[in-house]
Amino acid sequence: MSIFHPSENISTPYYQYDLALLRQTLQHASESAAVHGYKIHYAMKANNNPAITDTIRDYGLGADCVSGNEVAEALRQGFPAREIVYAGVGKSDKEIELALREDILCLNCESLEELQVTEEIARGMQKIAPVAIRVNPGVAANTHRYITTGLEENKFGVHLSQLREVLDFASESPWLQLMGLHFHIGSQITSLQPFEMLTTKVNDLWQTMNMDERGATLLNLGGGLGVDYDNPEGNSLPPFAEYFDVFARHLQVPGHVKVRFELGRSIVAQCGKLITKVLYTKKGVNRSFVIADAGMNELMRPALYQSRHHITNLTSTKAPQIYDVVGPVCESSDVFATHIELPQTGRGDLLAIHSCGAYSESMMLLYNMRDRAGVVLVNENSHGHMADEAYMSTVLSKGNEIS
Ligand code: LLP
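Given the structure is predicted, the values throughout are model-derived calculations rather than measurements. (Residues numbered from 1 in each chain as written. Predicted model: local features only at pLDDT ≥ 70, side-chain atom pairs only at ≥ 80, totals over all residues. Heavy atoms only, no water.)

Thoughts on the site of the ligand
Item 1. The immediate surroundings of the ligand are formed by 18 residues, with Ser187, Glu262, Arg301, Tyr305 and Tyr359 found nearest.
Item 2. Within the backbone of glycine 264, one N or O atom sits 2.9 Å away from an oxygen atom of the ligand.
Item 3. A distance of 2.7 Å separates a nitrogen atom of the ligand from a polar side-chain atom of tyrosine 305.
Item 4. For the ligand, the protein covers 92% of the area, taking 590 Å² as the surface of the free molecule.
Item 5. Only β10 (258-263) and α10 (301-305) provide two or more residues apiece to the shell around the ligand.
Item 6. A breakdown of the residues in the shell around the ligand according to their chemical character gives six nonpolar, six polar and six charged.
Item 7. Counting only domains with at least three residues in the shell around the ligand, you end up with domain 1 (19-267) and domain 2 (270-392). (Near = heavy atom within 4 Å. Polar contact = N/O pair within 3.5 Å; in protein donor to acceptor, adjacent residues only side chain to side chain. Areas by Shrake-Rupley, 256 points an atom, 1.4 Å probe, with all protein chains shown as cover. Helix = DSSP H or I, 4+ residues; strand = E, 2+ residues; numbered from the N terminus. Nonpolar A, V, L, I, M, F, W, Y, C, P; charged D, E, K, R; others polar. Domains from an automatic or database assignment.)

See below:
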């Protein structure tokens, strides 16, 4: 194993994005979708760093946004307005106005009241609002309870019992254009079975809700495809071909209906690592702690969802020992891993926390008045080592300098 030599002038912690892996992932995802004529919108919430989104836009993906600021940022980053969709249970009037003013492809509406407000705003602007109805299909995604969205108790989407009334309102309003249906059942879904169940629901609803008669031409199936957090290096490409095949095999909607997806995590998770330096090690009663200079500020997922990310020591090849890896934040939940094996680790060692391309930088916190982490871009070769140190470039992360 080769030892990683970081550039002297990069302070930790920082996010390291491998653009070569991102491109490889995008190539695989786009090809797998194109076989079936499907279009992918990238879920901006997963990571909106311009270095990442620039690459994604170059592959022709659209954008999926969940706030007015994300819509504005997608436009600023060059995503065409007609390739932007916008979902959210709580869109403000100002956000709806922005979406209509910019002529985005579609607003995914989540309640009758939201549709009524959208109609009112559209009338005021003398514009017809393109809307899809987000349906809560009652499909269990078998994922963490905080990231499942398609169950009856979740706040998302229109419940099946109200769907006809909501669709009738959209179909009949002169200020709304009903584009179609939108679904998103949850995130980090690692079995394809929930997606198959979703298609059964979609087929049924498209028929029973008379979507063809209503002139609907859009079917947005959301995101949710999971990644391998346990073995990110051995399994860096998500199973896009198998995922899209499930829909192609089971969906029964007319050929002219445009089928779209909103993938976030599966596109970007594996291209990112959080690089952190070990500040201290210390012995607890029955455990040894590694105290890193990254914390829940830079990676909130373990504290919020008890999620686990694979961790490697980039600078030690000593005999393995068992550690808890924790951050510096004044919260007991600021723990990245418990009881994991790492080569004997000491002050100054560099650790890589893997699969941090998605929902890490975009969920960054400033709690404890900590500095913002920087970003480093690399192109790694197929063995995972740096191909060319000279290629390595630093970018400013949200206006903060890397010293
Ligand atoms: N579409 C909608 C309407 C969504 O709400 C989401 C994610 C996506 C698409 C993209 O889903 P993906 O392909 O990334 O699974 N912070 C959590 C994940 C929250 C996901 C929120 N919605 C985490 O770190 O696991």
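Some remarks on the packing of aromatic side chains
Item 1. Taken as a whole and assessed by the stated rule, the structure comprises 10 aromatic pairs.
Item 2. Measuring from centroid to centroid gives 5.0 Å for phenylalanine 244 and phenylalanine 261, while their planes differ by 80 degrees, and the two rings are edge-to-face. Residue phenylalanine 244 is found in helix α8 (residues 240-250), and its partner phenylalanine 261 is found in strand β10; the two are separated by 17 residues along the sequence. A single burial state applies to phenylalanine 244 and to phenylalanine 261, both of which are buried.
Item 3. Put simply, the rings of Tyr38, Phe195, Tyr243, Phe244, Phe247 and Phe261 touch in pairs and so form one group of aromatic residues.
Item 4. One cation-aromatic arrangement involves lysine 91 over tyrosine 86; the distance from NZ or CZ to the ring centre is 5.3 Å. (Phe/Tyr/Trp six-rings, centres within 6.5 Å; stacked < 30°, edge-to-face > 60°. Buried < 20%, exposed > 50% of the residue type's maximum accessible area, 1.4 Å probe, protein only. Lys NZ or Arg CZ within 6 Å of the ring centre and 35° of its normal.)

Section: the confidence of the model for the chain
Item 1. Summary statistics for the chain give a mean pLDDT of 91 and a share of 89% for residues scoring 70 or more.
Item 2. The low-confidence segment residues 1-5 (pLDDT under 50) makes 13 contacts with residues lying over four places distant or belonging to another chain. (pLDDT = per-residue confidence, 0-100. Contact = heavy atoms within 4.5 Å.)

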